[in-house]
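# Structure at a glance
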Amino acid sequence: MNRVDFAFHGGLFWKEWHKSKGMFLAFLAYMLYIHPISLVLGMNRAVAEDLDRAYPFIRVVLRRLQPGGADGWALIALIAGVVISAQLMGEERRGRTIEFVLAMPFSRGQMFFNKYLFGLASFVAVYLINALSLAVVVAANYGVLAEYIEFYTIAQWLWTQVVLFAALLSFTLVFSMIAGNSIASIVLTVVFLAFPVGIAGLIRDNAMIIFNWSWGEVAEYMNFLDVGADLSLFSYFFADGDILLSRWPFLLLFSAVLFLVGQRLFVRNPMERNGELLMFYPLERVLRVGVTVCAMLLAGSFFRPYDGGLTLALIARYLVGGAFGYWVTETAIARSRAKG
Amino acid sequence: MLKIENLHKAFDTTDVLRGVDLQLSEGTILGILGPNGMGKTTLLKCVVGILEPDRGKITWEGMNLLTSVEAKYCVGYVGEQRNYYPRFRVEDLVRFYRMSYPNWDHEQYRRLQGIFELPSEQRIANLSRGMKAQLAFLLNLSIMPDLLILDEPTSGLDPAVRKEVLRVMVDQTAACGTTMLVSSNNAGELERICDAVAFIRDGEIALQGPLEELRRRFAAVHVIFDGEMPAEIADCCDLLYVERLGRMYALVGRRPLLSRLQAVDTVYLEPVDTSLEDIYIYYMEGPNHE
């Protein structure tokens, strides 16, 4: 029963839809607003005023459709994607509704697969509706917009966004299989989305303090840190040029691998830990060490301007930061265990 | 037949179930009694697949309940918490169950809805604890289960609904031959509906058997000795409980206690009925338990 499973189940799929449709409809409305509706508003302005004055507004919308054109609005879409994906499993754990589903005639693999399938289908539907609406708006204003956008740009945008959100869904669901509730799942996902970029910055910053290196030296000696940052999922949302277009097979492979990892983790989840911070005891040790080290590096880097460059002050910052990080982790684990 | 063999489950380093063995014939109702935190709920959750045991085997009619999805088509579960999706309406859950259980019987559902009178359009969040319990029964009896697992099924119910629920459980077994495994802290309630009971203590089955057989194995007596209680009775390993009321002793013990008492001088000796609650309390908490 606890095997990896790829069987579609109408009941499970329907349940996911009925449970999450509010969030997806809100996401759809948001995406429609920042894409086709914004374009229509821009065109209305162009008609009411003139194209030159409306063009900057239209350009902002059109830029969002280009690879690497993500802006703050797209960042909100990214966060919304994480939250929606995380609640697919996290809310079931937090509310313990997962227990009555586990007692029903489904394998765990089947439960995971249908959640993933629903999430993917919903993201595809949201982007497909957006792409079709954009195509209609462009077609209706082709005389003006043909100069700035082609239909294949919309198709390209649809494909890259679907691939990106498939990767995001897999990435988030892996952390949902490690975390015992939706909040922990969202926090872990966001932290690890930014982790390769963030940790590289922290290590560089601390290396500069400890070894008294300049920016140039750090860049020279520690350029290997860029590899992780370049490959991180987060960077793809804001990648320049054609990176996204050229690396989509890698992203698809990334999604598939993480899907399998997530399903395997769910099959092995000790369900008595639903509602807690983490689903696996050994990971608590990893979290303690990880947060302690990151808090040390953060404290070392953040308070540097205030200590006059004293070695003793640096050690003190590390100690205080580490102690704080350890305490935060311990408290979070202990509190979630009481609720679990 | 439900067969549980050598079931082990630990939470981190704490052993909750330590080699549970249990057998349950078709069409019988087996009650599980035990102190809080001794593994009753864990055992039931392992049977229905919510928790995965560390070791052991659970079979229903020869099918492995831990590995076969098909085996669970005819297994219902009424948990203690009854955590359903709060934004769902009753009719949504009914739809989900209909889509998930091939044996769903809508006629049975309508019949039971007539008994419980749950409004279909009501949201789960607006249902009381008692109504949620009724909904759990409604759903799990409508899947026409051959095996029904119930964890504290009547907790939080008012007396009238509790009576109705117990009646429905007995009717279901009588009419459809449904086998039931019921965990409860209410020995009196289990005594009314169960054919057999098992006591669980420290993650192990301490005692199990048909209810009548258990009653025959234990005896409660009121006795007045000619003088003090003889040492061969006081030290007897069959004696589980002693209470002194003036000159009279209320004793509870295993059946051989009666013949031992008949062999000593007594002024007054009267066997009294042993309830399941007596057996449970004196067996589980008495000084001479096995």
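Cut-offs applied
- The residue numbering used here restarts from 1 in each chain and proceeds along that chain's sequence as written.
- Naming scheme: in the order in which they are written, chains are lettered from A and ligands are numbered from 1.
- With pLDDT at 70 or above as the cut-off, local features in this predicted model cover only qualifying residues; side-chain atom pairs require 80 or more to be listed or tallied, and sums for whole chains, interfaces and linings still use all residues.
- Hydrogens are left out, water is left out, and the side-chain values use all remaining heavy atoms of the structure.
- Here a helix means four or more residues in a row that DSSP labels H or I, a strand means two or more in a row labelled E, and each is numbered from the N terminus.
- Categorising residues by exposure relies on relative accessible area from a 1.4 Å probe, with only protein chains included: less than 20% of the type maximum marks a residue as buried, more than 50% marks it as exposed, and the intermediate range marks it as partly exposed.
- Residue contacts follow a heavy-atom distance rule, with two residues in contact if any of their heavy atoms lie within 4.5 Å.
- Exposure was quantified through the Shrake-Rupley algorithm and a 1.4 Å probe, taking into account, for residues, occlusion by the shown protein chains and nothing else.
- The convention is simple: Lys and Arg are positive, Asp and Glu are negative, and His and the chain ends are not counted.
- A single reference atom marks each charge: NZ on Lys, CZ on Arg, CG on Asp, CD on Glu.
- The quantity reported as buried area is the accessible area (1.4 Å probe) lost by two parts once they are put together, taken as the sum for both.
- Any Lys or Arg side-chain nitrogen found within 4 Å of a carboxyl oxygen on Asp or Glu counts as a salt bridge.
- Polar contacts, as counted here, are pairs of nitrogen or oxygen atoms within 3.5 Å of one another; within protein the pair requires one atom able to donate a hydrogen and one able to accept it, and residues that are adjacent in sequence qualify only if both atoms are side-chain atoms.
- What counts as a domain boundary in this text is fixed by an automatic or database domain assignment.
- pLDDT is a per-residue confidence score from the predictor, ranging from 0 to 100.
- Among buried residues, those of type Ala, Val, Leu, Ile, Met, Phe, Trp, Tyr and Cys that are joined through side-chain atoms within 4.5 Å constitute a nonpolar core.
- In this description, strands pair whenever DSSP reports at least two bridges between them.
- Comment: axis = line fitted to C-alpha atoms, over the contacting stretch for helices; angle = value between 0 and 180 degrees taken between N-to-C directions.
- Any angle that is under 35 degrees is reported as roughly parallel, and any over 145 degrees as roughly antiparallel; angles of 65 to 115 degrees are reported as roughly perpendicular and all others as oblique.
- Two helices cross in a left-handed way if the nearer one is turned anticlockwise from the farther one by less than a right angle. They cross in a right-handed way if the turn is clockwise.
- Classification used: nonpolar for Ala, Val, Leu, Ile, Met, Phe, Trp, Tyr, Cys and Pro, charged for Asp, Glu, Lys and Arg, polar for all others including Gly.

In terms of regular secondary structure, chain B is built from 10 helices and 14 strands. The dimensions of chain B, computed from C-alpha atoms along their principal axes, are 70 × 40 × 35 Å. In chain B, buried positions account for 53% of the 290 residues. By sequence separation, contacts in chain B at least 24 residues apart represent 70% of the contacts at least 6 residues apart. Here chain B has roughly 12500 Å² of accessible surface; of this, 45% comes from carbon and sulfur atoms. Between the centroid of the 31 positive side chains of chain B and the centroid of its 42 negative side chains there is a distance of 6 Å.

At the junction of the two partners, chain B supplies 31 residues and chain A supplies 29 residues. Buried surface at the junction of chain B and chain A, summed over both partners, amounts to about 2800 Å²; 63% is from carbon and sulfur atoms. It is Ile50, Tyr85 and Phe96 of chain B in chain B that bury the most area against chain A; as a group they hold 23% of the surface buried on that side. One can count two salt bridges joining chain B with chain A. Ionic pairing is found between Glu272 of chain A and Lys9 of chain B, a salt bridge with its closest N-O pair at 3.4 Å. The tally of links between chain B and chain A comes to eight residue pairs in polar contact (both at pLDDT 80 or more). Elements with a minimum of two residues in the side of chain B that touches chain A: strand 1 (2-11), helix 1 (40-48) and helix 2 (90-100) of chain B. With seven residues, the top contributor of residues to the side of chain B that touches chain A is helix 2 of chain B.

A separate point is the domain arrangement of chain B. Residue and element names in this part refer to chain B. Considered domain by domain, chain B is made up of domain 1 (2-202) and domain 2 (216-285). Once you take the C-alpha centre of each, domain 1 and domain 2 turn out to be 37 Å apart. Between domain 1 and domain 2, a total of about 810 Å² is buried, with carbon and sulfur atoms accounting for 72% of that surface. It is Glu191, Phe199 and Arg201 in domain 1 that bury the most area against domain 2; as a group they hold 60% of the surface buried on that side. Inspection of the domain 1/domain 2 interface yields zero salt bridges. Those elements that place two or more of their residues in the side of domain 1 that touches domain 2 are helix 6 (187-193) and strand 9 (196-201).

Counting all residues, the mean pLDDT for chain A is 87, and 96% of those residues have values of 70 or more. Taking the mean pLDDT of every element in chain A, the minimum, 76, falls on helix 12 (residues 243-246) of chain A and the maximum, 94, on helix 5 (residues 108-140) of chain A.

Below, the discussion takes up the nonpolar core. Of all hydrophobic cores here, the largest spans 166 residues; its most connected members are Leu2, Leu135, Leu181 and Phe199 of chain B. Broken down by element, this core gets its largest block of residues, 17 residues, from helix 7 (residues 151-178) of chain A. Looking at which domains feed residues into this core, each of domain 1 (2-202) and domain 2 (216-285) of chain B gives three or more. Not counting residues within four places of it along the chain, the set of residues in contact with Leu2 of chain B comprises Leu22, Gln23, Leu24, Val47, Ile58, Thr59, Trp60, Leu65, Leu147 and Leu181 of chain B. Counting residues in each nonpolar core, the second largest holds 14 residues, with Phe225, Ile233, Leu257 and Val264 of chain B among its members.

All names here are of chain B. The strand order across the open sheet built from six strands is 6-7-8-3-9-10, with neighbouring strands paired in mixed fashion. Whereas interior strands pair on both sides, the edge strands pair on one side only; in this sheet they are strand 6 (75-78) and strand 10 (204-210). Adjacent strand axes in the sheet meet at a mean angle of 15°, parallel and antiparallel pairs treated alike. The sheet contact formed by strand 3 (residues 29-33) and strand 8 (residues 179-183) spans four bridges and is parallel. Paired with Gly31 across the bridge in strand 8 is Val182. Sheet strands touched by helix 1: strand 3, strand 6, strand 7 (147-151), strand 8 and strand 9. Its angle to strand 7, the strand with the most contacts, is close to 150°. Lying on the sheet, helix 5 (residues 159-176) is in contact with strand 3, strand 7 and strand 8; it crosses strand 8 at an angle near 155°.

What follows deals with the packing of helix 1 (residues 10-48) of chain A against helix 5 of chain A. Residue and element names in this part refer to chain A. Between helix 1 and helix 5, the shortest axis-to-axis distance is 9 Å and the interhelical angle comes to 25°. Taken together, the axes of helix 1 and helix 5 lie roughly parallel to each other. Classified by chirality, the crossing of helix 5 by helix 1 is right-handed. Within the contact of helix 1 with helix 5, the residues separate by chemical class into 22 nonpolar, eight polar and four charged.

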